[in-house]
Amino acid sequence: MDGAVAGVVLVVVVALLVLRSGMRVVNQVERGVVFRWGKALPGYRQPGITFLIPFADRMRKMNVQVVTMPVPTQEGITKDNVSVKVDAVVYFRVTDPVRAAIEVQDYVFAVGQVAQSSLRSIIGKSDLDDLLTDRERLHEGLALMIDSPAAEWGIHIDRVEIKDVQLPESLKRSMSRQAEAERERRARVITADGEFQAAQQLANASRIMSDTPEAMQLRLLQTVVEVAAEKNSTLVMPFPVELLRYFDRAAKRLDQEVEKNDRELTGPDAVDGPAADAVDGPAALRAGIEQIAAVADKFAPPAEITPPEGTAPEITAPQIETPEITAPETTAP
């Protein structure tokens, strides 16, 4: 009886050992590919506890997480003959564990080699400006080039990105000078446009001030206020601006009077010669002195203004006697 019990216990222990040797645990991030007598089974084992046939089955676990693989720096020549160094990064994952275990020996190494060759190929097909500015299109093209062979291995390429583009130092200096020249050009254009607009506004302002003389005086007063606000300048105004303006108007009126007298003297009954100048000159001079005296009375205490000494006396035009002309006598033959 004791021997039978011992035999049963021994059988149970052996069975447990056999079951233990065939039991496997598959993690959540893994899938199990089972090889039975060296032949892969069509399906793969899901996460959890799975049992294998001892001495017949062998299981290989495949990670289905996204793998981040950096692509080493690749040196190449762009389409516009510029030598650059470019590095990238590839994101991929296993979608078919059976094919990834059977079709390729090491899918991580295989994807890395395809990524390097595709990166060199995309460098040779692109211009430098595309590498620097139009990277989204290059990312799509690079992902398509890598995904074509990887799809046969049960690998899906999620994303490919170019991390950095290293340029030669001479090219960097040239691009820096180009950028500085472009900024200088924009600055000069903006300055010239500002000067043009300022000139237009000043021209408009001058036309308005010419129509309204009081505006010039107000502008002068505003300038005086701005200068006086600094408190480090001295502004000397010897006489009012209106006096200068009056002198200007008086000179214009004097010219008009001279022209008027000239027109009167050149009439049919006018007197020619020095007598006309004698009549016009003293009268015009006297009229100008009287106008200046009137202006001085407005801005200064009243004072008697007399004509300066040496003024020529009033000269009247001399009377010219016309001789009597008689017809000659004629005698009859």
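Values in this document were obtained by computation on a predicted structure and should not be read as measured data.

Where do I start with the sheet that holds strand β7 (residues 83-94) in this structure?
The three strands lie next to each other as β6-β7-β8, forming an open sheet whose pairing is antiparallel. Sheet topology places β6 (67-77) and β8 (155-166) at the edges, where each strand pairs with a single neighbour. Each neighbouring strand pair of the sheet contributes to a mean axis angle of 25 degrees, computed without reference to strand direction. Pairing analysis gives ten bridges linking β7 to β8, with the strands arranged antiparallel. Following the sheet pairing, R93 is matched in β8 by H156. Lying on the sheet, helix α3 (residues 107-125) is in contact with β6, β7 and β8; it crosses β6 at an angle near 35 degrees. Sheet strands touched by helix α5 (residues 135-150): β7 and β8. Its angle to β8, the strand with the most contacts, is close to 135 degrees.

What is the right way to read the pattern of salt bridges from this model?
Two side chains bearing opposite charge may form a pair once their charged atoms approach each other closely. The final tally for this structure, using the stated rule, is eight salt bridges. Of the charged contacts, one joins R185 and E182 as a salt bridge, the two residues approaching to 2.5 Å between their closest N and O atoms. Of the two residues, R185 and E182 both sit in helix α6 (residues 169-211), three residues apart, roughly one turn of that helix. Ionic pairing is found between E182 and R186, a salt bridge with its closest N-O pair at 3.3 Å. Placement of the pair is E182 and R186 together in helix α6, with a separation of four residues, close to one helical turn. On the accessibility criterion, E182 (29% relative accessible area) is partly exposed.

How do you make sense of the confidence of the model for the chain when you look at a structure like this?
The predicted coordinates of low-pLDDT regions are not to be read in fine detail. Residue-level pLDDT values for the chain average 75, and 73% of them are 70 or greater. When pLDDT is averaged over each element of the chain, β7 comes out on top at 90 and helix α9 (residues 274-299) at the bottom at 55. For residues 270-279, every residue scores under 50 in pLDDT, and the model assigns this stretch 13 contacts once sequence neighbours within four places are set aside. Throughout residues 300-333 the model reports pLDDT below 50, and contacts reaching past four residues in sequence, or to other chains, amount to 13 contacts.

I would appreciate a short explanation of the side chain of T78 in the present structure.
The topology assignment puts T78 in the loop between β6 and β7. A polar side-chain atom of T78 sits 2.4 Å from a polar atom in the side chain of D80. In contact with T78, not counting residues within four places along its chain, are V84, I123, G124, S126, D127, L128 and L131.

Looking at this structure, I do not really get the sheet that holds strand β3 (residues 39-45). What am I missing?
To summarise the sheet geometry, strands pair through backbone hydrogen bonds and adopt either a parallel or an antiparallel arrangement. Judged by pairing direction, the sheet is antiparallel, and its three strands sit side by side in the order β3-β2-β5 without closing on themselves. What marks the edges here is a single partner per strand, and that holds for β3 and β5 (57-63). Strand-to-strand twist in this sheet, taken as the mean axis angle between neighbours without regard to direction, amounts to 25 degrees. Strand direction decides the pairing type here: strand β2 (residues 30-36) and β3, joined by four bridges, are antiparallel. Bridging from a neighbouring strand, R36 pairs with K39 of β3.

I tried to follow the side chain of D57 on my own but got confused; where do I start?
Mapped onto the secondary structure, D57 falls in strand β5. Within the structure, the side chain of D57 is placed 2.7 Å from the side chain of R36, a separation counted as a polar contact. Not counting residues within four places of it along the chain, the set of residues in contact with D57 comprises V34, F35, R36 and L52.

Looking at this structure, I do not really get the pairing of β7. What am I missing?
Both faces of the sheet carry side chains from a regular strand, because those side chains alternate between them. Where β6 lies against β7, nine bridges are found, and the strand directions are antiparallel. Within β7, the position partnered with V71 by the bridge is A88. Remark: five residues form the turn of the hairpin made by β6 and β7, two consecutive strands paired antiparallel; N81 in that turn has positive phi of roughly 60 degrees.

Where do I start with the environment of G48 in this structure?
Along the chain, the position of G48 falls in strand β4 (residues 48-51). Expressed as a C-alpha distance, the spacing of G48 and V26, which sit 22 residues apart in the sequence, is 5.0 Å. When sequence neighbours within four positions are dropped, the list of residues in contact with G48 reads R24, V25 and V26.

About the criteria used
- Residues numbered from 1 in each chain as written.
- Predicted model: local features only at pLDDT ≥ 70, side-chain atom pairs only at ≥ 80, totals over all residues.
- Heavy atoms only, no water.
- Pairing = 2+ DSSP bridges.
- Helix = DSSP H or I, 4+ residues; strand = E, 2+ residues; numbered from the N terminus.
- Axes fitted to C-alpha atoms, helices over the stretch in contact; angles between N-to-C directions.
- Contact = heavy atoms within 4.5 Å.
- Salt bridge = Lys/Arg side-chain N within 4 Å of Asp/Glu carboxyl O.
- Buried < 20%, exposed > 50% of the residue type's maximum accessible area, 1.4 Å probe, protein only.
- pLDDT = per-residue confidence, 0-100.
- Polar contact = N/O pair within 3.5 Å; in protein donor to acceptor, adjacent residues only side chain to side chain.

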